[in-house]
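Observations on the three-dimensional arrangement
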Amino acid sequence: MTFAIHGLAVSRGIAIGRAVLVASSRVDVAHYFIQSPQIEAEIERVRAGRDAVAEEIRRLQESIIRMGPKEAPHELGALLEVHLMLLQDVELISGVKHWITERLYNAEWALTTQLEVIARQFDEMEDAYLRERKADLEQIVERVLRAMKGADSPIATHSQRPLRKQSQQDLLLDDTVDVPLVLVAHDLSPADMLQFKQSVFAGFITDVGGRTSHTAIVARSMDIPAVVGARTSSQLVRQDDWVIIDGDAGVIIVDPSPIILAEYGFKQRQGELERGRLQRLLHTPAITMDGERVQLLANIEMPEDAELALKAGALGVGLFRSEFLFMGRQGKLPNEEEQYQAYKRAVEGMKGLPVTIRTVDVGADKPLDDSPRDEAHLNPALGLRAIRWSLADPAMFLTQLRAILRAAAHGQVHLLVPMLAHAREIRQTLAHIDHARAMLDNRGVVYGPVKLGAMIEIPAAALSLKLFLKHFDFLSIGTNDLIQYTLAIDRADESVAHLYDPLHPAVLQLVANTIAECRAQGKDVSVCGEMAGDTTLTRLLLGLGLRSFSMHPAQILAVKQEVLRSDVSRLAPWAQTVLESEDPALQLRRG
Ligand code: PEP
Ligand code: MG
């Protein structure tokens, strides 16, 4: 039966494919595709994990027998018996084999996928006793996953599975060939997203998340349709269901009828045509109708994204979110050499164009995967994140600074510091940079000059511009956080997503002031939050005096099209009326 789920539209376009549900296991598992020759080895890893847990249970059973009924109650023995039975459950075993063999999921992914399938069957059971066995199943799968952790997959690189291009007709008629897959999850950590970045998913759906949550940001950077904040989607959609993601409208259609499929297939092709048309602007310089040159830069997450940035015609990297190098590593942080190599790859990849490397911004919605989602902190967005985290761990910070300074010997590097608010944080940061240089001098290691920049993403910073302009060469406005902190809206929380408003007069005032002050002092300023890539805001930002925008490579050409159509001499007075308006959104629509 066809039904629709509504969420937040965060990454444009239409995706049509079969649902892959990612179970929310308490054990962190990797999700990647294996290749056919590895199937047997993956099945063997699950078998070895199961055998290890069965052995553990049998040992426990024996010790219970030795203890006697007084010390070990009968229920304990019965429970272990249930666990042993569940471990040998035919459906579990055959299901896991199915996901590995047919879908080429890695062992851990196959196990958690099948757990999800069986858990749903438990949920639907009438009998309360049987329903409660779901928790036992979860426990047992978790133990197998833990047992497998010691025997990681020998597959070093996360392999990709090529997708055959198919027509909508093919999709309906033939289920046995490769079809696009769309990912459905309650939540995805940034580390998870990073893994999926190298995979073949045609779209993403998550129950939670806001417009500028990191799931949304990474989906946009991959330029694939995504809907977040879709509440109960991971419960309503079942493994393998056909799903349409409308990333423009924020709608998910489950089990679509052939007519709906045909309609969305048409929309999908229209979107592709439009993107094709934009390609014609690739080599056109971004200059407004009245001759103002505008710098369009790229936001990247990994050094390899530099290639995408160049392909999209970016004139540099305006934001390299270095924290993605720190994630998904089971808490083992990258050392100086590793970071240096990564930054150097990005710098060399940009072939002489500037690369703005932001120092690590972990915490809040971007946890390192070894820390369980900051649950211990009352208010992670207001807690130890970004520069606060770096200053709390000087050895880690100095390691990163040395690596960035060394990469600067290979090209133009700008060093950007996130989340600064206090004068003493600025002083400490600058002292650490000097210290990192001195350490490299002592070691006789070559390094290069860097321009120093600060992110303006806390209202306190936007209201202390004099201080920032005194110490930094340039400023970059992080509107995602600036909006979050100005309006007291958790950017990752879908329940307050309707209040997340880039056009709130207070937000606009802070953005406009920052641009104006920088221009008055002759300092470079850019916007690197999601506002920069939103084509409905391009004219307004141009009118406010912005000449440097940093965004996901996929958005560059659409923003360029807006720039080419703009006349800033006329936009400037209009932007002032928007700024002074009680309802800037309305004013903006009036044009
Ligand atoms: C921002 O806050 O606008 C920004 C660009 O940083 P991030 O989204 O990584 O927090
Ligand atoms: Mg930020």
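Above this note sits the structure.
Within each chain, residues carry numbers counting from 1 in the order of the written sequence. Think of it this way: whatever chain is written first is A, whatever ligand is written first is 1, and the rest follow in order. Predicted model: local features are reported for residues with pLDDT of at least 70 only, side-chain atom pairs are reported and counted for 80 or more only, and whole-chain, interface and lining totals are derived from all residues. Water and hydrogen atoms play no part in the side-chain values, which are based on all heavy atoms of the structure.

Topic: the nonpolar core
Counting residues in hydrophobic clusters, the biggest one holds 158 residues, and the most contacted among them are Phe204, Tyr343, Phe468, Phe472, Leu475, Leu540 and Phe549. Helix and strand assignments follow DSSP, with helices taken as H or I runs no shorter than four residues and strands as E runs no shorter than two, numbered in order from the N terminus. Considering each element in turn, this core owes the most residues, eight residues, to helix H14 (residues 394-407). When sequence neighbours within four positions are dropped, the list of residues in contact with Phe472 reads Leu420, Ile426, Leu430, Leu452, Gly453, Ala454 and Lys523. Only buried Ala, Val, Leu, Ile, Met, Phe, Trp, Tyr and Cys residues count toward a nonpolar core, and they belong to the same one when joined by side-chain atoms within 4.5 Å. Throughout, exposure labels follow a simple rule: accessible area from a 1.4 Å probe, protein chains only, divided by the maximum for the residue type, with under 20% read as buried, over 50% as exposed, and the rest as partly exposed. Contacts were defined at the residue level, with two residues in contact if any of their heavy atoms lie within 4.5 Å.

Notes on the coordination of the magnesium ion (ligand 2)
Only nitrogen, oxygen and sulfur atoms qualify as donors, provided they sit within 2.8 Å of the metal or within 3.2 Å for Na, K and Ca; with water excluded from the atoms, sites may seem incomplete. Surrounding the magnesium ion (ligand 2) are the protein donor atoms Glu457 (OE) and Asp481 (OD), at 2.0 to 2.2 Å. Of this pair, Glu457 sits in the loop between strand E13 (450-456) and helix H16 (459-462) while Asp481 sits in helix H18 (residues 479-487); the two residues are 24 residues apart in sequence, bridging distant segments of the chain. Asp481 carries the same exposure label as Glu457, and that label is buried.

Some thoughts on helix H22 (residues 568-580)
Helix span is expected to be 1.5 Å times the residue number reduced by one. Taking 1.5 Å of rise per residue, the 13 residues of H22 would be expected to cover 18 Å, and the 18 Å separating its terminal C-alpha atoms lies within 8% of that figure. Taken residue by residue, H22 has Val568, Leu571, Trp574, Ala575, Val578 and Leu579 as its buried positions. Lining the buried residues of H22 we find helix H19 (505-521), helix H20 (538-543) and helix H23 (584-590).

Brief notes about the sheet that holds strand E7 (residues 242-246)
In a beta sheet, neighbouring strands are held together by backbone hydrogen bonds and run either parallel or antiparallel to one another. Strands pair, by our definition, only if DSSP identifies at least two bridges between them. Here eight strands make up an open sheet; going across it, the order is E1-E8-E7-E3-E4-E5-E6-E2 and the pairing mixed. The sheet is open, and its two borders are formed by strand E1 (3-6) and strand E2 (8-11), each paired with just one other strand. Each strand of the sheet is rotated relative to its neighbour by a mean of 30 degrees, with strand direction disregarded. Where E1 meets strand E8 (residues 251-254), four bridges bridge the pair, whose relative direction is antiparallel. Looking at the pairing, Phe3 lines up with Val254 of E8. Every axis corresponds to a line fitted to the C-alpha atoms, with the helix fit spanning only the stretch in contact, and the corresponding angles, defined between N-to-C directions, vary from 0 to 180 degrees. Seen against the sheet, helix H4 (residues 107-123) touches strand E3 (14-22) and strand E5 (201-206) and runs at an angle of roughly 85 degrees to E3.

Re the packing of H18 against H19
Where H18 contacts H19, the axes come no closer than 10 Å and their chain directions differ by 130 degrees. As judged from the angle between their axes, H18 and H19 are oblique. Of the two possible hands of crossing, H18 and H19 adopt the one that is right-handed. Across the interface between the two elements, Thr479, Leu482, Ile483, Thr486 and Leu487 of H18 pack against Ala506, Val507, Leu510 and Val511 of H19. Oblique is the label for every angle not falling under 35 degrees (roughly parallel), over 145 degrees (roughly antiparallel), or within 65 to 115 degrees (roughly perpendicular). For any pair of crossing helices, the crossing counts as left-handed if the nearer helix is rotated counterclockwise from the farther one by less than a right angle, and right-handed if it is rotated clockwise.

Re the packing of aromatic side chains
Stacked, tilted and edge-to-face are the three classes assigned to paired rings of Phe, Tyr and Trp, where Trp is represented by its six-membered ring and a pair needs centres within 6.5 Å; plane angles under 30 degrees give stacked, over 60 edge-to-face, the rest tilted. This structure, assessed with the given rule, holds nine aromatic pairs. When the ring of Trp99 is compared with that of Tyr105, the centres are 5.7 Å apart and the planes differ by 10 degrees; the resulting orientation is stacked. These aromatic residues form a ring-pair network of at least three members: Phe33, Trp99, Tyr105, Trp109, Phe201 and Phe204. Cation placement over rings: the criterion is NZ of Lys or CZ of Arg within 6 Å of the ring centroid and within 35° of the ring normal. It is Arg539 that lies over the ring of Trp574; its NZ or CZ is 5.1 Å from the centre.

A word on helix H5 (residues 128-149)
When the terminal C-alpha atoms of H5 are compared, their 33 Å separation across 22 residues agrees well with the 32 Å that a helix rising 1.5 Å per residue should span. Among the residues of H5, Arg133, Asp136, Leu137, Ile140, Val141, Glu142, Val144, Leu145 and Met148 are the ones counted as buried.

A word on the site of ligand 1
Taken together, 17 residues lie near ligand 1, and Arg321, Arg358, Gly478, Asn480 and Arg491 sit nearest. Whenever a nitrogen or oxygen atom comes within 3.5 Å of another N or O atom, the pair is scored as a polar contact, on the condition that within protein one atom can donate a hydrogen and the other can accept it, and that pairs from neighbouring residues in sequence are kept only if both atoms are in side chains. One nitrogen or oxygen atom from the side chain of Glu457 is found 3.0 Å from an oxygen atom belonging to ligand 1. The side chain of Asp481 places a nitrogen or oxygen atom 3.0 Å from an oxygen atom of ligand 1. Computed with a 1.4 Å probe, the accessible areas rest on the Shrake-Rupley method; for each residue, only the protein chains presented here act as cover. Protein contact buries 100% of the 290 Å² of open area that ligand 1 shows by itself. Each cavity reported here is a set of points on a 1 Å grid over the protein atoms alone in which a 1.4 Å probe fits but cannot get out, each pocket an open set with protein on both sides within 12 Å along at least five of seven lines, and each lining residue one with an atom within 4 Å of a point. For this analysis, a molecule is said to be in a pocket or cavity if more than half of its atoms are within 2 Å of the grid points defining it. The cavity where ligand 1 resides is the largest cavity. Residue contributions to the shell around ligand 1 peak at three residues, all from H18. Classification used: nonpolar for Ala, Val, Leu, Ile, Met, Phe, Trp, Tyr, Cys and Pro, charged for Asp, Glu, Lys and Arg, polar for all others including Gly. Grouping the amino acids of the shell around ligand 1 by side-chain chemistry returns four nonpolar, five polar and eight charged. Whether a residue is near a molecule or strand is decided by its heavy atoms; if any one of them lies within 4 Å of it, the residue is near.

Notes on the pattern of salt bridges
Side chains bearing opposite charge may pair, as long as their charged atoms lie close to each other. Salt-bridge detection follows one rule: a side-chain nitrogen of Lys or Arg within 4 Å of a carboxyl oxygen of Asp or Glu. If you walk through the whole model with that rule in mind, you get 32 salt bridges. Here Arg143 and Glu56 are joined by a salt bridge, their closest N and O atoms 2.7 Å apart. One end of the pair, Arg143, is in helix H5; the other, Glu56, is in helix H1 (residues 39-67), and 87 residues separate them in sequence. Among the residues examined, Arg143 registers a relative accessible area of 24% and is labelled partly exposed.

Notes on the pairing of E7
Of all five residues in E7, five are buried, a share of seventy percent or more. Along E7, one buried face is formed by Trp242, Ile244 and Asp246 and the opposite face, lined by Val243 and Ile245, is buried too. Pairing between E3 and E7: five bridges, direction antiparallel. Across the sheet, residue Gly17 finds its bridge partner in E7, namely Val243. Here E7 pairs with E8 via four bridges, running antiparallel. Among the inter-strand pairings, Asp246 is bridged to a residue of E8, identified as Val251. Hairpin connection from E7 to E8: four residues lie between these consecutive antiparallel strands, with Gly250 at a positive phi of about 75 degrees.

Regarding a positive patch on the surface
Patches draw on residues past 30% relative accessible area with no salt bridge. Two like charges within 9 Å are joined, as are two nonpolar side chains (Val, Leu, Ile, Met, Phe, Trp, Tyr) within 5 Å. In this tally, Asp and Glu contribute negative charge and Lys and Arg positive charge; neither His nor the terminal groups of the chain are included. Here the site of a charge means atom NZ of a Lys, CZ of an Arg, CG of an Asp or CD of a Glu. A surface patch of positive charge is lined by Arg424, Arg427, Lys466 and Lys470. Mapping Arg424 onto the fold places it in helix H15 (residues 423-443).

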